[in-house]
Amino acid sequence: MWEVIRRNKIKSVWLIILMALTLSFLGGAIGFYIFSDNPQEGISLGVLVAMIVWVVMLLISFSSGDRILLATAGAREIKHDDAPQLYNIVEEMKIASGLAKMPRVFIVDASVPNAFAVGIKTDKAAIAVTTGLLARLNRDELQGVIAHEIGHIANRDTYFMTLAGVTVGAVIILADLFMRGMFYSSLGGRRSSRDSGQMQLVILVVSIITAILAPILTQLLYYASSRQREYLADASAARFTRYPEGLASALEKIAANQSEKFSKSRTLAPMYIVNPLAATGKQHNLFSTHPPTEERVRILRGMTSSSSLIAYEKAYRQLHADQGIIGAASLKSSDEQGIRQAETPVQDVKKGMREAKDILQRVAGYGLLTCPCGLKMKIPKETDHNNIKCPRCGKIHEIPLEFLSASAMALSQNPAKHL
Amino acid sequence: MYFIVLLVILLIIIFWIAAMYNGLVRLRNQVKNAWSQIDVQLKRRHDLIPNLVETAKGYMKHERETLDSITKARSQAVEASGVADQAKAEGELNNALSRFMLVVENYPDLKASQNFLALQEELSSTENKVGFARQFYNDQVQAFNIKIESVPSNIIAGLFNFKQAEFFEIETPAERDVPKVQF
């Protein structure tokens, strides 16, 4: 595992260096064009400006990128008692991955199933899932999805993809500004007619080509690396859970339930970063810039006897004419990681949806009380009444202490004093 | 001139040995940390069991024996020390718990009670956590042991007395109860 992560790190560093070089080349070309009277200074100024834009964007996304993303998604944090099963699953996967600190857990009120991870540091990470995901997946499948997201955190994907995403964003902004500037200045007639010779033309052509190619190049690098990391996160998920089928069937369910509405409203999909705002952070959405789901499912189902990274690599190779993907073939560790049995039954979506809504209520501060007749009663935060009548069957319930306001709690604990 | 070359070579060797030694120490610490993770989860499991027994007592009057066997297995597991002993005691506890879960099927009221359901999720998740912590621990042990055995780090390991770490394997009831088919 660590070997794969380390190798990935080296690859990522090269990726970032390559992107940064493209960015400074673009800056240089722009400077060269604008100050063609004094090319040397123009180039250094252009590079400097490009670097400043880059650093500022990095600072913003590293300091508050995850907060912005979680807020945009409308994610609300949950604690263990709000959603014990979800929280337990995250903790299980945290343990399986050997992460030092428990990621924070968030829930998003959306019927479309999805999940993402944010956080540039492994000890300050967060995982968010939608209510639709909770409703549709059984425990094994949910575990697979959470393991995939934890995989992103453990493999440092959230960190490197933020870095890469911001760099792509900076390149796109600069190229865009330059092209617009050119468009308007060409409308206003030719600048500096002093030496409108061949030299000027060459500079013009070189800068335009750079401005067109740089964004394409960086985006291609970005997407390729993103997809590769998805495979690795899938492989990690199989390894953590010892149960590839969980993630495979979760992926099928998620893919089958994507809707137009959700993907349109995804302003928070910085995988697609085209605008700077979206580039201020990194989220891992199970379904953007990802390899085709059917293929991911087929690889996971191809792991028939072992759940190790090596087994994933083998299953991948079977589908791709012996091309490797996660570089696990040379791993020294053993290949013997059995696959466990399925544990949880089929999920009842309607029941799941109700339970997911209950979690939202709890997060919002409402208490829930179930009457033996089957009715669930919502109890407002800090109520003063200490009992409630079931509207359906008329049974009177005592309200549990934790839902009461401080004064009502004192009363019910010590009634004699106040009489 | 020779002297300087020799000195440089000597320094390189010393640094190389130091790096290898540090690598072994790092791996050994990872094994230790992983073990403490298991320990935390086992403790948590031991803490949950009295609650479970208390809750069950109210519903099942005639299952004293099953409940007592859980309590007994638990106290043995709490007292166990060392990787092998702990594994054995946890195996016993697993057996007692799975017998209990079979008995629970006869008590629908208990099965439906909110308190019991919550405890059940906690207990089964804690069992999963023990399992995952064990999985992580064993991976670390494997990495450490491979390092100790392979050339050239085995020389350093022998020199500084690094000992192989023990794997943690709990015997699961399923494995034990499957009857052996003999031909």
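It should be noted that the structure appears before, not after, this text.
In this report, the structure presented in the accompanying data block is examined. (Residues numbered from 1 in each chain as written. Chains lettered and ligands numbered in written order. Predicted model: local features only at pLDDT ≥ 70, side-chain atom pairs only at ≥ 80, totals over all residues. Heavy atoms only, no water.)

## Description of a nonpolar patch on the surface
All names here are of chain A.
Turning to step 1, where the next piece is worked out: On the surface, a nonpolar cluster with roughly 750 Å² of combined accessible area is contributed by I34, F35, L45, L48, V49, I52, V56, I60 and I68.
Turning to step 2, where the next piece is worked out: Counting through the fold element by element, I60 comes out in helix α2 (residues 39–73).
Turning to step 3, where the next piece is worked out: Given a relative accessible area of 38%, I60 falls into the partly exposed group. (Patch = residues over 30% accessible without salt bridge, like charges linked within 9 Å, V, L, I, M, F, W, Y side chains within 5 Å. Areas by Shrake-Rupley, 256 points an atom, 1.4 Å probe, with all protein chains shown as cover. Salt bridge = Lys/Arg side-chain N within 4 Å of Asp/Glu carboxyl O. Helix = DSSP H or I, 4+ residues; strand = E, 2+ residues; numbered from the N terminus. Buried < 20%, exposed > 50% of the residue type's maximum accessible area, 1.4 Å probe, protein only.)

## So, the sheet that holds strand β4 (residues 126–130) of chain A
All names here are of chain A.
Turning to step 1, where the next piece is worked out: Read from one edge to the other, the open sheet built from 4 strands follows the order β1-β2-β4-β3, with strand pairing classed as mixed. Each edge of the open sheet is held by one strand with a lone partner, namely β1 (75–78) and β3 (115–118). Along the sheet, successive strands turn relative to each other by an average axial angle of 30°, direction set aside.
Turning to step 2, where the next piece is worked out: Two strands pair when backbone bridges link them, and strand β2 (residues 104–108) and β4 are joined in this way by 5 bridges, in the parallel orientation. Across the sheet, V108 pairs through a bridge with T130, a residue of β4.
Turning to step 3, where the next piece is worked out: The strands touched by helix α3 (residues 84–97) are β1, β2 and β4; relative to β2, the strand with the most contacts, the crossing angle is about 135°.
Turning to step 4, where the next piece is worked out: Against the sheet, helix α5 (residues 139–154) engages β3 and β4, with an angle of about 150° to β4. (Pairing = 2+ DSSP bridges. Axes fitted to C-alpha atoms, helices over the stretch in contact; angles between N-to-C directions. Contact = heavy atoms within 4.5 Å.)

## Let's talk about a positive patch on the surface
Turning to step 1, where the next piece is worked out: Together, R6 and K9 of chain A together with R26 and K147 of chain B line one region of the surface with positive charge.
Turning to step 2, where the next piece is worked out: Examined against the element boundaries, K147 of chain B turns out to sit in helix α5 (residues 114–149).
Turning to step 3, where the next piece is worked out: Judged by its relative accessible area of 36%, K147 of chain B falls in the partly exposed class. (Lys, Arg positive; Asp, Glu negative; His and termini not counted. Charge placed at Lys NZ, Arg CZ, Asp CG, Glu CD.)

These values are about where atoms sit, not about what they do.
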